[in-house]
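One-letter residues, chain by chain:
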Amino acid sequence: MAKEQLLSYEDALDKFEVVIGLEVHVELNTKSKMFCGCANVFGSEPNTNVCPICIALPGSLPAVNRKAVESSIAIGLALDCQIAPTGRFARKNYFYPDLAKNFQTSQYDEPIAFEGKIDIELESGEVHTVLIERAHMEEDAGKLTHVGGATGRIQGAEYSLVDYNRAGVPLVEIVTKPIFGAGDKAPELAAAYVRAIREIVKAMDVSDAKMERGNVRCDANVSLRPKGQEKLGTRTETKNVNSLRSVENAVRYEIQRQGYILANGGTITQETRHWHEDRGHTSSGRPKSDADDYRYFPEPDLVPVQPSKEWIEEIRASLPEMPSLRRRRLQEEWGFAELEFRDVVNSDLLDQVEDTVKAGAAPQAARKWWTGELARIANAENLVVQDLSITPLQVAQIQKLIDAGDLTDRMARDVVAGVLAGEGEPAQVIEKRGLKVVKDDGALIEAIDKALASQPDVLEKIREGKVQAAGAVIGAVMQAMRGQVDAARVRELILERASK
Amino acid sequence: MSEITPDTVRHLASLARILVTEDEVETLAKELNVIVDAVATVKKAVSGDIKATSHPIPMANVYREDVVEPSLTQAEALSGAPDSADGRFRVAAILDED
């Protein structure tokens, strides 16, 4: 498909006001599906987590998963929403093989949560309050694989294969109200919002929150209107934006694409668009159906959900500290500089550093291990640092040995390498590799005396007060001790022995 | 009181993925109008103070616990499918979606 023409980002923002709206789907990590007892797991053989309910065999009846309702309420509360005292499910009718029922069980006029808000902080420190319209419960659809097309896409496909393992997995769809006033920061705000939702559901442990697995997915609505105009412009809804970078890029692209059309007197078609991260553009999908076309009606097979006040309050009391508050608290407790802290956050290493500090390491030391040596090793091996086979406790143990003077920095790096190589706990690595700072000065003094005796000219210089001459002996001593001594201690002892 | 036009029928048929001939469009429009009119008659009998009811029995909060139960085997799941391949249901490719 030919790339569409774009207006420069600056010109688009100069002429138009950007309005965005975001729909985020969160897959819950319940053990079983939303309406049946099939396992909710990723990566099983196709069609092995299916039953008469989720493949819609005649006569099957759904039943609502209590835990999924609880998680949905928790998400609503975390987003400062009202929880509906009564809500019901609705059938969203459409004919597409990703759901065998020919409808998706969703919520329409009575969502479980509504009217919320969340503060989103941008890189610059600027805070935007995003208003939440609603959060409702629904089910995920099955996975289609198109066969016969050139690239596995629908265009040119001869047939499609359907795996219903994902059909019926509980979803919460969170819908914002239109977001105004972000200006040139609209793409960044969109990505920051999705990141915040992801962090919250992860912290609450209601979702695995892995975007690469589709646990958190975003549809981005974008419209432009001439500055000063009250009426909203026609919007497009870009689907398939499943990474934070994609969210930002897709919103920016739509601003430029729509900007070009509008600036040249054209009109925007209300439609669904697809984002292609590899090619960096969106392409036209189907014209957006009206809600009328879905012919929503109340699901007759499910009774209303009416959470009691007690249940809601119980869930509220069990909410964990929200990630933004936790960050503020940790930054204060650790006393990191802004950049140091941001480095930890952006590397997603808060948990690791916090656990290392809890295990007894000083915050700065913990930070340096994770964002320094360990990040370097992970990077060199093409891994993410979180996947390295070393625990915060082990890092703290190693740091404690450095602090006690039992390991030099260089030896500590050896211990880390040993732990990563699967040689066991730090103590075992130290034992196996013979990495211990020699504290018994006897052997060290012997080596120093020997070195000094073999370099009488150096000894003479030191005795004359030229202490920098000791450097020439330190190397020889370190070599004799195979590096297992602290260089500062060696120097100290050389000066002491030379004066005798 | 006719609400169902031939265009409405064509639109509904395309949403429902049903192939409808032009002759059928005319017939269906007429038949559907009879049904819509009949429902409209029922509507007249209902006064404004009666709330729409989606469940005749006042019942709420029927849940199942979050427990995994046995699923069908892949062979069982596919046993009723007209066509399958690679452990999956095989269906005609539908364009312009997904």
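Conventions used here
- Residues numbered from 1 in each chain as written.
- Chains lettered and ligands numbered in written order.
- Predicted model: local features only at pLDDT ≥ 70, side-chain atom pairs only at ≥ 80, totals over all residues.
- Heavy atoms only, no water.
- Helix = DSSP H or I, 4+ residues; strand = E, 2+ residues; numbered from the N terminus.
- Rg over C-alpha atoms; globule rule 2.2 N^0.38 Å.
- Buried < 20%, exposed > 50% of the residue type's maximum accessible area, 1.4 Å probe, protein only.
- Pairing = 2+ DSSP bridges.
- Axes fitted to C-alpha atoms, helices over the stretch in contact; angles between N-to-C directions.
- Parallel < 35°, antiparallel > 145°, perpendicular 65-115°, else oblique.
- Contact = heavy atoms within 4.5 Å.
- Nonpolar A, V, L, I, M, F, W, Y, C, P; charged D, E, K, R; others polar.
- Core = buried A, V, L, I, M, F, W, Y, C linked by side-chain atoms within 4.5 Å.
- Buried area = accessible area lost by both parts, 1.4 Å probe.
- Salt bridge = Lys/Arg side-chain N within 4 Å of Asp/Glu carboxyl O.
- Polar contact = N/O pair within 3.5 Å; in protein donor to acceptor, adjacent residues only side chain to side chain.

**Q** How would you summarise the overall build of chain B if you had to cite specific residues and measurements?
**A** Scanning chain B from terminus to terminus reveals three helices and three strands. N-terminal to C-terminal, the α/β element order of chain B is α-α-β-α-β-β. In terms of overall dimensions, chain B is more spread out than a globule: its C-alpha atoms have a radius of gyration of 22 Å, far above the 13 Å expected for 98 residues. Seen through its C-alpha atoms, chain B measures out along the principal axes to roughly 50 × 45 × 25 Å.

**Q** Go over the pairing of strand β1 (residues 16-27) of chain A with me, naming the residues and quoting the values.
**A** Residue and element names in this part refer to chain A. In terms of burial, β1 is largely enclosed, as eleven of its twelve residues are buried. Here eleven bridges tie β1 to strand β11 (residues 216-226), and the two strands are oriented antiparallel to one another. Its bridge partner being in β11, Val 24 is matched across the sheet by Cys 218. Alignment of β1 against strand β10 (residues 170-176), held across five bridges, turns out to be antiparallel. Directly across from Glu 23, in β10, lies its bridge partner Val 175.

**Q** Before we move on, can you summarise the packing of helix α15 (residues 456-463) of chain A against helix α17 (residues 487-498) of chain A with the specific residues and values?
**A** Residue and element names in this part refer to chain A. Following both chains from N to C, one finds α15 and α17 inclined at 85°, their axes separated by 9 Å at the closest point. With respect to α17, the axis of α15 lies roughly perpendicular. In this structure, α15 contributes Leu 459, Ile 462 and Arg 463 to the contact, and α17 contributes Ile 494, Leu 495 and Ala 498. In terms of residue class, the contact of α15 with α17 is built from five nonpolar, no polar and one charged.

**Q** Now, about the nonpolar core: what can you tell me, with residues and values included?
**A** Residues and elements named next belong to chain A. By size, the foremost hydrophobic cluster in this structure holds 73 residues, and its most contacted members are Ile 174 and Tyr 193. Look past the residues within four positions of Ile 174 in its chain and what remains in contact with it is Leu 22, Glu 23, Val 24, Val 26, Ile 75, Leu 79, Ile 132, Arg 134, Ala 135, Tyr 193 and Ile 197. In this structure, Ile 402, Leu 407, Met 411 and Val 437 belong to the second largest nonpolar core, which totals 33 residues.

**Q** Lay out the environment of A:Ser160 in plain terms, naming residues and giving numbers.
**A** Turning to its location among the elements, A:Ser160 is positioned in strand β9 (residues 159-163). On the basis of relative accessibility, which here comes to 1%, the residue A:Ser160 falls in the buried class. Sequence separation between A:Ser160 and A:His146 is 14 residues, and the spatial gap between their C-alpha atoms is 4.3 Å. Sequence-distant contacts of A:Ser160, defined by excluding residues within four places in its chain, comprise A:Leu144, A:Thr145, A:His146, B:Phe89, B:Arg90, B:Val91, B:Ala92 and B:Ala93.

**Q** With reference to specific residues and values, describe the interface of chain B and chain A.
**A** Across the boundary between the two partners, chain B contributes 38 residues, which contact 53 residues of chain A. Here chain B meets chain A over a buried area of about 4000 Å², counting both sides, of which 57% is carbon and sulfur. Between chain B and chain A we count one salt bridge in total. Taken together, chain B and chain A are joined by 22 residue pairs in polar contact (both at pLDDT 80 or more). When contributions to the side of chain B that touches chain A are tallied by element, the ones reaching two or more residues are α1 (6-15), β1 (63-64), α3 (74-78) and β3 (88-92) of chain B. No other element matches β3(B), which puts five residues into the side of chain B that touches chain A. Among the residues making up the side of chain B that touches chain A, the classes are represented as 19 nonpolar, eight polar and eleven charged. Pairing of β9(A) with β3(B), which is carried by four bridges, proceeds in the antiparallel orientation. When the bridges of β3(B) are listed, A:Val162 appears paired with B:Phe89.

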